[in-house]
Amino acid sequence: MKTFSASHKTVFVVDHCPYMAESCRQQVEYDMLTKTRAQGIIPLAPVSKSLWTCAVECSMEYCRILFDIYPFKKLLMSALAAVGPPNPREDPECCSILHGLVAAVESLCKITEYQHEARTTLMDNAEHVTNKGRIICITNAKSDTHVRMLEDCVQETIQEHNKLAAGSDRLMQIQQCELVLIHTYPLGDDTLVSDRPRKEISPVLTSEVHSVRAGRHLAGKLNILVQQHFDLASTTITNIPMKEEQHANTSANYDVELLHHKDAHLEFIRSGELHPPGSASRDSSLKETVTLKWCTPRTNSVELHFCTGAFRISPVDVNSRPSSCLTNFLLNGRSVLLEQPRKSGSKVISHMLSSHGGEIFLHVLSSTRSTLEDPPSISEGCGGRVTDYRITDFGEFMRENRLTPFPEPKQIDAPARAPLERAKDQLERHTRYWPMIISQTTIFNMQAVVPLASLIVKESLTEEDVLTCQKTIYNLVDMERKNDPLPISTVGTRGKGPKRDEQYRIMWNELETLVRAHINSTERHQRVLDCIVACRSKPPEEEERKKRGRKREEKEDKSEKNGKDVEPDKTWQESERLKGVLECEKEELAEAEIIKDSPDSPEPLNKKPRLTIEETPPVEKAKGRTLMKMERLADNEDN
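Just so you know, these numbers come straight off a predicted model, no measurement behind them. (Residues numbered from 1 in each chain as written. Predicted model: local features only at pLDDT ≥ 70, side-chain atom pairs only at ≥ 80, totals over all residues. Heavy atoms only, no water.)

> Help me out: how do you make sense of the overall build of the chain in this one?
Along the chain, the regular secondary structure elements total 16 helices and 16 strands. Across the chain, every contact between residues at least 6 apart in sequence was considered, and the portion connecting residues at least 24 apart equals 73%. (Helix = DSSP H or I, 4+ residues; strand = E, 2+ residues; numbered from the N terminus. Contact = heavy atoms within 4.5 Å.)

Rendered as C-alpha cells:
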C-alpha cells in the first residue's frame, strides 16, 4: 500500500467577505526618518493592515517555511495572488465562505502527479493508494453555532464528492480530511468563538478550532501549526557576532531562530535532553526552541566532521537583519559549528550549519564514537575512564534473560500473552534498577542481599518468597546491630570513607530504591517494602546503642592515632633530656679548665677524674637520673 499522509495535500481557504476588509488595529510605523526630519514637518501617521492582508501574509509565510524545508512533493494552492482585497461595501449575504470550502474538497479529490505515479506503479492494486488531505480555513465566524455549520458543510461535501469519485478514474475518494478552522478578529475586540482541540466529526473528518487575534498573534499561530503539521522543530542560534550598522568598529551578539525537521533533535530526545539549559523560547507562551551556541568558524571543510544527518532550514524571521546576515554568511561557503550550552564540563559540538548547492542545511554531528572506529574494549570503559563495570553480573544477567525458540502453540492452548511480550516484560522488570558500575552500588556487592535481589524482580511472589525476603532484611538488621563492615567503595574519596552508620544508611536507601521499583507488581511486593520501612524506623534504645557505637568507633580511631605517636614522643623527650645533661657537663668542664689554668689555684689533694663527653653513660644507664642526683653521687664518691 502506498500511503500519503494528510500533509500531502494542504488547501488554504481565506474568507473574502466584506468584514475581512476591517482593520486589524495593530499599528505599523513606516515613517522611520525621525532623526533627519526638518522642523515643522508633521510625521506620517502609522498604518494598520486589514484582516484580509494579515490572513494572506500568514498563509504565504506558512507556505514559505514549507517550501524552504520541503522543496519537493508538497502541493499548495497559489490562487491567492489573483484575488484582490475584499470590498467593504459589498453585501455580506452575497459572500459566503461555504463556496471556498466546497472548492477545497473538490481539489482534495483530484489526483496529484505523485498519486498518479504511485497508481501506475501498482497497476492492479491502484486502490491501495490512499488519499488524505488538510483544509486550513481562515475566517471570521459569528459564533460557535456558525463553526458547527461550517463543519457540517464540509462533511456533507465530502460524502457527495466521494460518491462522484467512486465512478471516476480522474478523481479519488477522500479517506481522511483534517479541517483546521482559524477564527481571527481585530485587536481589542472580544472573541465570539471558543477554542476547541481536535475532534472527530466522522470516520472521514476531524476538526479543530483556533480563536486568534489578527496581526502577530495570527502569524505566531500559523508558525506553530506548520511545525505540528509537517514534523518541524525550532532551534535558536545564540551569541552570533555581528557588526553594528551605525558603529562599524563595534559588534553585538544576536539570536536567529530556525525551523527544520524534528529529526535534527533526535539525539536530544534519545538522551533525555530535548530542552537543554537555555531552551526557553523568546515567546514561551507560543512554542519551545532548543538553543545552540555559535562557535567561531575555523574551517570551511565540511568533510572533516562526521555527520549523521542533514536537514534544510528556514529562518522564522526571514526579513530581519540577523537572519539575512547569517544566511549570506553561510551561502558564501562558510560553515558554523554549534555547541550545546552546558553549566559545567567541556563543550559539546552537536550541530553544524553549512550550505550545499545554494541551500542551507543543519548537520547533526556525532558526539559519540563513530561507527567507523573499532569498538571499545569493555575493560576500557565509556570514554576510557570507567573500569569497574559489573562484567560478571552482566554475564549472569544475560543468561537469565536469554531468548530461546518457542514452538507455535495451537489456537486452543495459546497463552494469554505472546512469549516475546513476556520476555520484554521480564527484561523491563530486571532493568528497573540495575547499576552498571561496582562503585555505584552497595547491595549488589553483598552476598547477603542476593536472595532478595533475585526474588524481588519476579512478576509475582509466593509466600515462601516473601519469607525469604524478610529473612534477608532481618539478617541485614543483625549485621547493623553487630556493626559489621560493608563493601562501600572508597574510589575518589580521601581518608577512610564514610562512617559505619553512614554506610548502613546508604545501603538501606539503595535497598529501598530497589524494592520500590517493583511495589506496583503485587501486594506481596508491597509487604517486602513494608518490612524494610519497619526495620528502618529504630526504637529509642536502638538509637542510643548507635550513639554508643559511634563513640566507641571514634575512641578506637583516636587511640589508633595516638598509638602511632607514642613512640616518637618518648624518643623525642629522652633525646631532649640527654641533651640537657650533656650541656651541663660541658659547662662544668669549662669551669674546671679555667680554675686549673689560674696561677692562684691550688693543686687538688685527692682529685677524682670526672666523666668526659666521650665517656658519658649510655641511654639505658642514664635513664631515670636527674642532674641533681648525679651531682650528689659525685660528691659522695669524693668524700
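> For this particular structure, what's the right way to read the pattern of salt bridges?
Side chains that differ in charge, positive against negative, can pair when their charged atoms come close. What the rule picks out here adds up to 21 salt bridges. Its salt-bridge partner being D393, residue R390 comes within 3.0 Å of it at the nearest N-O pair. (Salt bridge = Lys/Arg side-chain N within 4 Å of Asp/Glu carboxyl O.)

> Explain the confidence of the model for the chain here, please?
Where the model shows low pLDDT, its predicted coordinates should not be examined in detail. Confidence along the chain averages 78 in pLDDT terms, with 68% of residues attaining 70 or more. Here helix α15 (residues 619-622) is the element of the chain with the lowest mean pLDDT, 46, and strand β8 (residues 205-213) is the one with the highest, 95. Note on residues 276-286: pLDDT under 50 across the span, and 15 contacts to partners over four residues away in sequence or across chains. Within the model, pLDDT remains below 50 along residues 594-623, and this stretch shows 18 contacts once partners closer than five positions in the same chain are excluded. (pLDDT = per-residue confidence, 0-100.)

> Explain the packing of helix α11 (residues 463-481) against helix α12 (residues 500-516) here, please?
Axis angle and axis distance: for two packed helices, these are the angle between their axes and the distance between the axes, and together they describe the pair. At a minimum axis separation of 11 Å, α11 and α12 run at an interaxial angle of 170 degrees. Here α12 runs roughly antiparallel to α11, going by the angle between their axes. Facing I473, L476, V477, M479 and E480 of α11, the residues of α12 in contact are Y504, M507, W508 and L511. Residues that form the contact of α11 with α12 fall into these classes: eight nonpolar, no polar and one charged. (Axes fitted to C-alpha atoms, helices over the stretch in contact; angles between N-to-C directions. Parallel < 35°, antiparallel > 145°, perpendicular 65-115°, else oblique. Nonpolar A, V, L, I, M, F, W, Y, C, P; charged D, E, K, R; others polar.)

> Looking at this structure, how should I read the pairing of strand β11 (residues 290-295)?
Within a regular strand, the side chains alternate between the two sheet faces. Most of β11 sits inside the fold, with five of its six residues counted as buried. Pairing analysis gives four bridges linking strand β9 (residues 232-243) to β11, with the strands arranged parallel. Counterpart to T236 in the pairing with β11 is T291. With three bridges joining them, β11 and strand β14 (residues 336-340) adopt antiparallel strand pairing. When the bridges of β14 are listed, W294 appears paired with L338. (Buried < 20%, exposed > 50% of the residue type's maximum accessible area, 1.4 Å probe, protein only. Pairing = 2+ DSSP bridges.)

> How do you make sense of the packing of aromatic side chains when you look at a structure like this?
Each pair of aromatic rings is reported with the distance of its centres and the angle of its planes. Counting across every chain of the model gives eight aromatic pairs. Here the aromatic rings of F394 and F397 are separated by 5.8 Å at their centres, their planes lie at 25 degrees, and the arrangement is stacked. Taken together, the residues span about one helical turn, with F394 and F397 both in helix α8 (residues 391-400) at a distance of three residues. Judged by relative accessible area, which is 10%, F397 ranks as buried. Here F397 and W434 contribute two aromatic rings whose centre-to-centre distance is 5.6 Å and whose plane-to-plane angle is 45 degrees, an arrangement assigned as tilted. Pair noted here: F397 is in helix α8 and W434 is in the loop between α9 (419-430) and α10 (450-455), with a separation of 37 residues, a long-range link. One aromatic cluster is present, formed by F12, Y62, Y70 and F230 through successive ring pairs. The ring of W434 carries R390 above its face, with NZ or CZ at 4.1 Å from the centroid. Above the plane of the ring of F444 lies R390, whose end atom (NZ or CZ) is 4.5 Å from the centre. (Phe/Tyr/Trp six-rings, centres within 6.5 Å; stacked < 30°, edge-to-face > 60°. Lys NZ or Arg CZ within 6 Å of the ring centre and 35° of its normal.)

> How do you make sense of the packing of α11 against helix α13 (residues 523-536) when you look at a structure like this?
Axis separation between α11 and α13 bottoms out at 10 Å; the angle between their running directions is 15 degrees. One way to sum up the angle between α11 and α13 is to call them roughly parallel. By crossing handedness, the relation of α11 to α13 is classed as right-handed. Contacts between α11 and α13 involve E463, V466, C469, Q470, I473, Y474 and V477 from the former and R524, R527, V528, C531, I532 and C535 from the latter. Of the residues contributing to the contact of α11 with α13, the split by class is nine nonpolar, one polar and three charged. (Left-handed = near helix turned anticlockwise from the far one by under 90°.)

> I would appreciate a short explanation of the side chain of S202 in the present structure.
Topologically, S202 is positioned in the loop between β7 (196-200) and β8. A polar contact of 2.8 Å, which involves the side chain of S202, links it to the side chain of Q155. (Polar contact = N/O pair within 3.5 Å; in protein donor to acceptor, adjacent residues only side chain to side chain.)

> Sorry if this is basic, but what is going on with the state of the cysteines here?
As used in these notes, a disulfide is a covalent bond between sulfur atoms, one from each of two cysteines. Applying the stated rule across the entire model yields zero disulfides. Cysteine C531 remains unbridged, with the sulfur of C535 as its closest cysteine sulfur at 4.2 Å. (Disulfide = S-S within 2.5 Å.)

> Explain the environment of E267 to me, please; I cannot follow it from the model alone.
Along the chain, E267 falls in helix α6 (residues 266-271). Along the chain, E267 and S350 lie 83 residues apart, while their C-alpha atoms are 9.0 Å from each other.

> I'm lost on a nonpolar patch on the surface in this one. Help?
Judged by side-chain polarity, V28, Y30, L44 and V47 come together as a nonpolar surface patch covering roughly 340 Å² of accessible area. By the element assignment, V47 lies in strand β3 (residues 47-50). Classification of V47 by relative accessible area gives partly exposed; the value is 39%. (Patch = residues over 30% accessible without salt bridge, like charges linked within 9 Å, V, L, I, M, F, W, Y side chains within 5 Å. Areas by Shrake-Rupley, 256 points an atom, 1.4 Å probe, with all protein chains shown as cover.)

> I keep staring at unusual backbone geometry and nothing clicks. Help me out?
Excluding glycine, a negative phi dihedral is what most residues carry, and trans is how most peptide bonds are arranged. Of note, D231 is a non-glycine position whose phi angle comes to about 55 degrees, a positive value. Although it is not a glycine, N483 sits at a positive phi angle of roughly 60 degrees. By the secondary structure assignment, N483 is in the loop between α11 and α12. Judged by relative accessible area, which is 21%, N483 ranks as partly exposed.

> I'm lost on the nonpolar core in this one. Help?
Within soluble globular proteins, side chains that are nonpolar tend to cluster in buried spots. The biggest cluster of nonpolar side chains holds 32 residues, and the ones touching the most others in it are Y62, I182, L218, L222, F230 and L232. For this core, the secondary structure elements donating two or more residues are β1 (9-14), α1 (51-69), β5 (132-139), β6 (176-185) and α5 (216-229). No other element matches the eleven residues that α1 contributes to this core. If you look at the next biggest cluster of nonpolar residues, it comprises 28 residues, including I456, L486, I519 and L529. (Core = buried A, V, L, I, M, F, W, Y, C linked by side-chain atoms within 4.5 Å.)

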